[in-house]
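Here are the chains, one letter per residue:
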Amino acid sequence: NVGTVDGDNDASTPCTDCDMGKYASAGTTSCTDCASGRFDHDMSAATECNSCDAGSYSAAGQTSCSACSAGRHDHDSSSASPCEMCGNGQYSAAGATSCTDCVAGYADADSDPATECASCGAGKYAAAGTTSCIDCIAGTYDGDSDSSSACIACSAGYYSGAGVTSCDICVAGQHDSDSDPASACTGCATGQYSAAGSTSCTDCVAGYADADSDPAT
């Protein structure tokens, strides 16, 4: 009968049942394992093994299929081959057939594709598929508090440190001497004056004096 075999090649003895995870057609002398990617869905060797779904895997001789775990994927949509690990900067849920890059503004902070990508905070930036968030460098700022968009350069006459969401104007009495918003504003000398946001200092003209030695006035 189907599901049984003449295991001893002796027609005088009864046929024996195959174990679970195996199959035998009528008139055979041995049981055959369900192949990799297939499984003994009803635990009956009399019925043919079924195919596993995409996103899952089974070794030979199994009675069930295992979904690819989170962080792995069925890269070739073949349940006969083991699930493969996703790369850094990617994520996959259980049973996936592909890995998803972390979108811009999110990062694979723990380099573990089984955990969801983490949102970067304000003042930071991350391109798609990265493992870390990067502070906006000095001289730039996160103008829209959106870490998926690139940081914006500060204008001349302004300054910013790293990881900020706005630029600071050079106050009156100081100036952006090198027109580089990554470097701090510098004070004007005695006998000079500057308004807020200046890139240079102005000497007091003839007939005027810096009476209080304060270049902000």
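Read on for a plain summary of the structure. Note that this is a predicted model, so its numbers are computed, not measured. (Residues numbered from 1 in each chain as written. Predicted model: local features only at pLDDT ≥ 70, side-chain atom pairs only at ≥ 80, totals over all residues. Heavy atoms only, no water.)

## Details of the overall build of the protein chain
Rules: For the purposes of this entry, the term helix denotes a DSSP run of H or I that reaches at least four residues, the term strand denotes a run of E that reaches at least two, and both are numbered from the N terminus. Here the globule rule is a power law, 2.2 Å times the number of residues to the power 0.38, and the radius of gyration is based on C-alpha atoms. Remark: exposure states derive from per-residue accessible area (1.4 Å probe, protein chains only) relative to the maximum for the residue type, with buried under 20%, exposed over 50%, and partly exposed in between. Note on contacts: a residue pair qualifies if any of its non-hydrogen atoms lie within 4.5 Å across the two residues. Accessible surface is estimated by sampling points in the Shrake-Rupley manner with a 1.4 Å probe; for residues, cover comes only from the protein chains shown.
Across its full length, the protein chain carries zero helices and 24 strands. Taken over C-alpha atoms, the radius of gyration comes to 35 Å for the protein chain, far larger than the 17 Å a tight globule of 217 residues would show. Counting only C-alpha atoms, the protein chain reaches 130 × 20 × 20 Å along its principal axes. The buried share among the 217 residues of the protein chain stands at 27%. Looking at the protein chain alone, contacts between residues at least 24 apart form 33% of all its contacts between residues at least 6 apart. On the protein chain, roughly 11,400 Å² of surface is accessible, and the fraction owed to carbon and sulfur atoms is 49%.

## Points about the environment of alanine 80
By the element assignment, alanine 80 lies in the loop between strand S9 (72–73) and strand S10 (84–85). For the pair formed by alanine 80 and glycine 37, sequence separation is 43 residues and the distance between their alpha carbons is 3.7 Å. Beyond its immediate stretch of four places on either side in the chain, alanine 80 contacts Ser36, Gly37 and Tyr57.

## Here's the deal with the pattern of salt bridges
Applicable threshold: Just to be clear on terms, a salt bridge is a Lys or Arg side-chain nitrogen sitting within 4 Å of an Asp or Glu carboxyl oxygen.
Summed over the entire model, instances satisfying the criterion amount to two salt bridges. Ionic pairing is found between aspartate 33 and lysine 22, a salt bridge with its closest N-O pair at 2.5 Å. Of this pair, aspartate 33 sits in strand S4 (residues 32–33) while lysine 22 sits in strand S3 (residues 22–23); the two residues are eleven residues apart in sequence, bridging distant segments of the chain. On the basis of relative accessibility, which here comes to 37%, the residue aspartate 33 falls in the partly exposed class.

## Topic: unusual backbone geometry
The backbone phi angle of methionine 43 is positive, close to 55°, even though this residue is not glycine. Residue serine 179 is not a glycine yet carries a positive backbone phi of 50°. Structurally, serine 179 can be placed in the loop between strand S21 (174–175) and strand S22 (186–187).

## Considering the side chain of serine 92
With respect to the helices, strands and loops of the structure, serine 92 is situated in the loop between strand S11 (90–91) and strand S12 (100–101). Among the residues examined, serine 92 registers a relative accessible area of 2% and is labelled buried. Serine 92 has contacts with Ser69, Ala70, Gly71, Arg72, Cys86, Ser98, Cys99 and Pro113, leaving out every residue within four places of it along the chain.

Interpretation in functional terms is not warranted from these geometric data alone.
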